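Structural overview
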Amino acid sequence: MPLAAILGCTGPELSAAEREFFRSVDPLGFIVFARNLIDPDQSKRLMADLRATIGRPDAPILVDQEGGRVARLKAPHWRHPPAADRFGAIAASDRARAAEAVRVNHELMAGEMRAIGINVDCAPLIDVRVEGAHDIIGDRAYGTDPYLVADLGRAAAEGLMAGGVMPIIKHIPGHGRSMVDSHFDLPRVDTDFDTLADTDFVPFRALHDIPWAMTAHIIYSAIDPDQPATLSRTVIAEVIRGEIGFAGLLLSDDLSMKALKGGLDELSAASLEAGCDVVLHCNGDMAEMEKVVRGTKPLSSAGLARYEQGQRRLNANPDFDLAELQVELTELMA
């Protein structure tokens, strides 16, 4: 059974030490960033090399490709997809056209990712933007209406799956109220449970059938006043698995983010103990990854079943013309 971890690497080519480390620990998969993606040919080689280290040609390789300011595939070799709020603006006058534009955009994104060997996207972000909150979410959200966010998030997820790429809904159970950036500080949301259930949880409840989700490093004091969702058995059992009804593969957000305090071995173990299926570590730092691995166990049988069930949802052999999709998207965005 592979290790219940998704790990990163430092550059556009694997070092000998990285090859040996990945071969020895056998993570479930990998995540790549702009530092790893120079051009299409190099990127394809890297994806093949990553998979070769663990001997699984279909292993998940993730990327953060939302569009707007969160886009790891960059010019001049890749298209820059629009930010989510562009689609929200279209929805103000034509909701159906906005949903179709989102679907086409994400099917096009899937084609671009699959062309270089990436098969999982850390998108769609279905947090509900809250006015006055920190702009870490901001224009990455489809809007302030939870039902609109749900509709456009559904279109995004379906576009990715139609294109053969696994979507990850994030940041469950909702990041939109955060007053600080969880990359640097631990947000605390003191909103009452009923309000959260009627707003923040709505898109996640509507998309509870999507195969993968990523947790939020946020304390929700009305649910668990002590632990952020990633480390909270209460939040995961009662809200994510309970109130929201998510039954798919649950991935932690990046454990190296400063919102979480403690050793990475302890954080890895605590995330899995709380109910995450897989832990995520992004920066490729070898010393940090060694600590993550020390606290991580092999993927559980339940986690494996969730992973395999999700794989069956994907279109394994998408057949579409990227140029035609681009023309369609341009017309829909006009």
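Parameters and conventions
Residues numbered from 1 in each chain as written. Predicted model: local features only at pLDDT ≥ 70, side-chain atom pairs only at ≥ 80, totals over all residues. Heavy atoms only, no water. Helix = DSSP H or I, 4+ residues; strand = E, 2+ residues; numbered from the N terminus. Rg over C-alpha atoms; globule rule 2.2 N^0.38 Å. Buried < 20%, exposed > 50% of the residue type's maximum accessible area, 1.4 Å probe, protein only. Contact = heavy atoms within 4.5 Å. Areas by Shrake-Rupley, 256 points an atom, 1.4 Å probe, with all protein chains shown as cover. Lys, Arg positive; Asp, Glu negative; His and termini not counted. Charge placed at Lys NZ, Arg CZ, Asp CG, Glu CD. Axes fitted to C-alpha atoms, helices over the stretch in contact; angles between N-to-C directions. Parallel < 35°, antiparallel > 145°, perpendicular 65-115°, else oblique. Left-handed = near helix turned anticlockwise from the far one by under 90°. Nonpolar A, V, L, I, M, F, W, Y, C, P; charged D, E, K, R; others polar. Pairing = 2+ DSSP bridges. Phe/Tyr/Trp six-rings, centres within 6.5 Å; stacked < 30°, edge-to-face > 60°. Disulfide = S-S within 2.5 Å. Core = buried A, V, L, I, M, F, W, Y, C linked by side-chain atoms within 4.5 Å. Expected span 1.5 Å × (residues − 1). Polar contact = N/O pair within 3.5 Å; in protein donor to acceptor, adjacent residues only side chain to side chain.

Of the regular secondary structure elements, the protein holds twelve helices and twelve strands. The globule rule puts the C-alpha radius of gyration for 334 residues at 20 Å, and the 19 Å found for the protein is close to it. When its C-alpha atoms are laid out on the principal axes, the protein stretches across 55 × 50 × 35 Å. Counting every position in the protein, which comprises 334 residues, the buried fraction comes to 57%. For the protein, the share of sequence-separated contacts (at least 6 apart) that also reach a separation of at least 24 residues comes to 77%. Carbon and sulfur atoms provide 50% of the accessible area of the protein, an area that totals close to 12,800 Å². Taking the average location of the 33 positive side-chain charges in the protein and that of its 50 negative ones, the two points are 3 Å from each other.

Between helix H4 (residues 95-114) and helix H12 (residues 322-333), the least distance of the axes is 9 Å, while the angle of their chain directions is 150°. Classed by the angle they form, the pair H4 and H12 counts as roughly antiparallel. Relative to H12, the crossing made by H4 is left-handed. Along its contact with H4, which presents Arg-97, Glu-100, Ala-101, Arg-103, Val-104, Asn-105, Glu-107, Leu-108, Gly-111 and Glu-112, the element H12 presents Leu-322, Leu-325, Gln-326, Glu-328, Leu-329, Leu-332 and Met-333. A class-by-class count of the residues in the contact of H4 with H12 yields eight nonpolar, three polar and six charged.

What follows deals with the side chain of Ser-182. Summarising the element assignment, Ser-182 is placed in the loop between strand E7 (166-172) and strand E8 (188-189). The buried category is assigned to Ser-182, whose relative accessible area is 2%. What Ser-182 contacts, discounting residues up to four positions off in sequence, is His-175, Pro-187, His-217, Met-257, Lys-258 and Ala-259.

Burial of E7 is extensive: seven of the seven residues sit out of reach of the surface. Of the strand pairs in this sheet, E7 and strand E9 (residues 212-215) are connected by four bridges, and their pairing is parallel. Across the sheet, Ile-172 pairs through a bridge with Thr-215, a residue of E9.

Quick look at the packing of aromatic side chains now. Counting across every chain of the model gives four aromatic pairs. Here the aromatic rings of Phe-21 and Phe-22 are separated by 5.9 Å at their centres, their planes lie at 55°, and the arrangement is tilted. Side by side, Phe-21 and Phe-22 carry an identical accessibility label, which is buried. Aromatic ring contacts, followed pair by pair, group Phe-21, Phe-22 and Phe-30 into a single cluster.

Working definition of a disulfide: a covalent bond connecting the sulfur atoms of two cysteines. All chains considered together, the criterion is met by zero disulfides. In this structure Cys-282 is not part of a disulfide, and its nearest cysteine sulfur, from Cys-122, lies 7.3 Å away. Of the residues examined, Cys-282 reaches a relative accessible area of 8% and is grouped as buried.

Turning next to the nonpolar core. In terms of nonpolar packing, the biggest core is built from 105 residues, with Phe-22, Leu-50, Leu-62, Ile-118, Trp-212 and Leu-251 touching the most fellow members. With nine residues, the single largest contributor to this core is helix H5 (residues 146-162). For Leu-62, the contacting residues outside a window of four places in its chain are Ile-6, Phe-30, Ile-31, Val-32, Ile-118, Val-120, Cys-122, Ile-168, Trp-212 and Leu-251.

Now for the sheet that holds strand E2 (residues 27-32). Reading around the barrel, the eight strands line up as E1-E2-E3-E6-E7-E9-E11-E12 and close back on themselves, with parallel pairing between neighbours. Alignment of E2 against strand E3 (residues 61-63), held across three bridges, turns out to be parallel. The partner of Ile-31 across the bridge, within E3, is Leu-62.

To continue, consider H5. Look at H5: 24 Å from first C-alpha to last across 17 residues, which is about the 24 Å you get at 1.5 Å a residue. In terms of burial, H5 is a largely internal element, twelve of the 17 residues being buried. Here H5 has its buried residues at Pro-146, Leu-148, Val-149, Ala-150, Leu-152, Gly-153, Ala-155, Ala-156, Ala-157, Gly-159, Leu-160 and Met-161. At its buried positions, H5 is contacted by helix H3 (84-91), H4, strand E6 (120-121), E7, helix H6 (193-198) and helix H7 (201-206). Between the side-chain oxygen at the start of H5 and the backbone nitrogen of Tyr-147 there is a gap of 2.9 Å, and the oxygen is on Asp-145.

Here we come to unusual backbone geometry. Each neighbour pair has its own omega, and for Ala-123 with Pro-124 the value is 5°, a cis peptide bond. Among the secondary structure elements, Pro-124 is positioned in the loop between E6 and H5. With omega at 10°, the peptide bond leading from Ile-172 into Pro-173 counts as cis. Notably, Asp-26 is not glycine yet its phi reads approximately 55°, a positive angle. Checked against the element boundaries, Asp-26 lands in the loop between helix H1 (16-25) and E2.

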